[in-house]
Amino acid sequence: MDVGPIAIVIALVSGLASFLIGRWLSRSRREKKAARERAVTEAAQSRQVRRARERRKQR
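Residues numbered from 1 in each chain as written. Predicted model: local features only at pLDDT ≥ 70, side-chain atom pairs only at ≥ 80, totals over all residues. Heavy atoms only, no water.

1. Quick notes on the overall build of the protein chain
Along the backbone of the protein chain there are two helices and zero strands. By the compact-globule yardstick of 10 Å for 59 residues, the protein chain is too spread out, its C-alpha radius of gyration being 23 Å. Expressed as a percentage of its 59 residues, the buried residues of the protein chain come to 3%. Here the protein chain displays about 5800 Å² of accessible surface, and carbon together with sulfur accounts for 60% of that area. (Helix = DSSP H or I, 4+ residues; strand = E, 2+ residues; numbered from the N terminus. Rg over C-alpha atoms; globule rule 2.2 N^0.38 Å. Buried < 20%, exposed > 50% of the residue type's maximum accessible area, 1.4 Å probe, protein only. Areas by Shrake-Rupley, 256 points an atom, 1.4 Å probe, with all protein chains shown as cover.)

Given below as C-alpha cells:
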C-alpha cells in the first residue's frame, strides 16, 4: 500500500480540523468546570477574605 503525498496532506488537515473542532466544542464545558471550581474555592474562604475580594472588585 503506497501512501502518496496528497494522502499525507489530507490526513494532516483532517487531523488538525478534528482537533480544532474538539477544542471549540469543549470550550463551554471547560468554562463551566472552571466556574464551579472557582465557586467552591470562594465558598471555602473566610468572610474576611470574601469582603476583601468584594472591595477589590468595587475599585
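2. Quick look at the pattern of salt bridges
Tallied over the full model, the rule gives one salt bridge. Between arginine 53 and glutamate 42 there is a salt bridge, with the nearest N and O atoms lying 3.9 Å from each other. Within this pair, whereas arginine 53 is found in helix α2 (residues 47-58), its partner glutamate 42 is found in helix α1 (residues 5-43), the two being separated by 11 residues in sequence. For glutamate 42, a relative accessible area of 25% translates into the label partly exposed. (Salt bridge = Lys/Arg side-chain N within 4 Å of Asp/Glu carboxyl O.)

3. Some remarks on the side chain of arginine 53
Judged by relative accessible area, arginine 53 falls into the buried class, the value being 15%. For arginine 53, the contacting residues outside a window of four places in its chain are Glu42 and Gln45. (Contact = heavy atoms within 4.5 Å.)

4. A short note on α1
Between its first and last C-alpha atoms α1 spans 56 Å; for 39 residues at 1.5 Å apiece the expected length is 57 Å, and the two agree. The largest bend along α1 reaches roughly 40 degrees and is located at serine 26. (Expected span 1.5 Å × (residues − 1). Bend = angle between axes of the 7 residues up to and from the residue.)

5. Observations regarding the side chain of serine 26
Following the sequence through the fold, serine 26 ends up in helix α1. Polar side-chain contacts of serine 26 include one of 3.4 Å to the backbone oxygen of arginine 23. (Polar contact = N/O pair within 3.5 Å; in protein donor to acceptor, adjacent residues only side chain to side chain.)

6. Describing a positive patch on the surface
Taken together, Arg47, Arg51, Arg55, Arg56 and Arg59 make up a surface patch of like positive charges. Relative to the helices and strands, arginine 59 resides in the segment after α2. (Patch = residues over 30% accessible without salt bridge, like charges linked within 9 Å, V, L, I, M, F, W, Y side chains within 5 Å. Lys, Arg positive; Asp, Glu negative; His and termini not counted. Charge placed at Lys NZ, Arg CZ, Asp CG, Glu CD.)

7. Notes on the environment of alanine 35
Position of alanine 35 relative to the elements: it lies in helix α1. Classification of alanine 35 by relative accessible area gives partly exposed; the value is 33%. C-alpha separation for the pair alanine 35 and arginine 51, spaced 16 residues apart in sequence, amounts to 19 Å.

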